[in-house]
Amino acid sequence: MKTRLGPINVMYPTPVVLIGAHVGGRPNFITIAHVGIVTVGTPNCISLGMGKIHYTNQGIHENQTFSVNIPTENLVVETDYCGLVTGKNTDKSQVFDVFYGQLDTAPLIAQCPLNMECRLYDVVDFPDHDLFIGEIVETHADPAVLTDGVVDLTKLKPLLFDMATKAYFGVGGHVARAWNVGKQLKKKS
Ligand SMILES: Cc1cc2nc3c(=O)[nH]c(=O)nc-3n(C[C@H](O)[C@H](O)[C@H](O)COP(=O)(O)O)c2cc1C
């Protein structure tokens, strides 16, 4: 018999990302774990579930742009910091080295090996949350995390977030190949 937990969300772990936006003309960064892939193709969209109380939301609404930066295990302290303090009373613009790509209001973090520039595609207006949907317009990668031109998870070492223990985890090992391992259950024709 399984234990009933009530309608709680157990869809963890999730990746942890640092969202960059310009607020009041300067870069601000927020730590977000409620991030998802909405569409793959054209448009290529990402979603962010962000409480309306956050300072960063103002900048995304104002400039219609944001960045998604993938922090790695060695950036766990800075990542946690950006989720502990608010840009309303703390200047987070100096925590990282910043660079820009195509969008001049989507600050990208040099220390993160992967960065995506996003243009706001839509906002779903929940009572307490903005569900921001952003279209990826460019992606930047540190060659050190690539193998044959694609992102290599074993080199990346991204951070995962677990709500139950409120802790960061690393990624475990390879289990099996997708669209492949299940073939053994296909009926032989
Ligand atoms: C690990 C972690 C994950 C978080 N994930 C989210 C999230 O998905 N959505 C959200 O609204 N806030 C999330 N937060 C809280 C914000 O990052 C935090 O309130 C931040 O200080 C807001 O910054 P800002 O006011 O400068 O925008 C998270 C915090 C941490 C530490």
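My aim in this report is to walk through the structure given alongside it, one point at a time. (Residues numbered from 1 in each chain as written. Predicted model: local features only at pLDDT ≥ 70, side-chain atom pairs only at ≥ 80, totals over all residues. Heavy atoms only, no water.)

### As for the pairing of strand S3 (residues 26–32)
Residues in a regular strand point their side chains to alternate faces of the sheet.
Here is step 1: Extensive coverage of S3 is indicated by the burial of 6 of its 7 residues.
Here is step 2: Alignment of strand S2 (residues 17–23) against S3, held across 7 bridges, turns out to be antiparallel. Paired with Ala21 across the bridge in S3 is Asn28. (Buried < 20%, exposed > 50% of the residue type's maximum accessible area, 1.4 Å probe, protein only. Helix = DSSP H or I, 4+ residues; strand = E, 2+ residues; numbered from the N terminus. Pairing = 2+ DSSP bridges.)

### As for the nonpolar core
Here is step 1: Ranked by internal contacts, the top residues of the largest apolar core, which has 21 residues, are Ile19, Leu48, Ile60, Phe66 and Val68.
Here is step 2: Where this core is concerned, the elements lending two or more residues are S2, S3, strand S5 (45–51), strand S6 (65–70), strand S9 (114–125) and strand S10 (129–141).
Here is step 3: In terms of residue count, the dominant contributor to this core is S9 (4 residues).
Here is step 4: The contacts of Ile19, once residues within four sequence positions are left out, are Asn28, Phe29, Ile30, Ile32, Leu48, Ile60, Phe66, Ser67 and Val68.
Here is step 5: Judged by nonpolar contacts, the second largest core, of 7 residues, contains Leu18, Leu75, Ile109 and Cys112. (Core = buried A, V, L, I, M, F, W, Y, C linked by side-chain atoms within 4.5 Å. Contact = heavy atoms within 4.5 Å.)

### Regarding the site of the ligand
Here is step 1: Close to the ligand lie 22 residues, the nearest being Thr31, Thr56, Val85, Thr86 and Gly87.
Here is step 2: In this structure, an oxygen atom belonging to the ligand sits 2.8 Å away from a main-chain N or O atom of Val85.
Here is step 3: Within the side chain of Lys92, an N or O atom sits 2.8 Å from an oxygen atom of the ligand.
Here is step 4: In isolation the ligand has 660 Å² of accessible area, and contact with the protein removes 85% of it.
Here is step 5: For the shell around the ligand, the secondary-structure elements that each account for two or more residues are S3, S5, helix H1 (55–63) and helix H2 (76–82). (Near = heavy atom within 4 Å. Polar contact = N/O pair within 3.5 Å; in protein donor to acceptor, adjacent residues only side chain to side chain. Areas by Shrake-Rupley, 256 points an atom, 1.4 Å probe, with all protein chains shown as cover.)

### Here's the deal with the sheet that holds strand S13 (residues 160–162)
Here is step 1: Across the sheet, 3 strands lie side by side as S1-S13-S14; this open sheet has antiparallel pairing. Of all the strands in the sheet, just strand S1 (14–15) and strand S14 (167–169) have a single pairing partner and so form its edges.
Here is step 2: The pairing of S1 with S13 spans 2 bridges and is classified as antiparallel. If you follow Pro15 over to S13, its bridge partner there is Leu160.

Function cannot be read off these values alone, since they describe shape.
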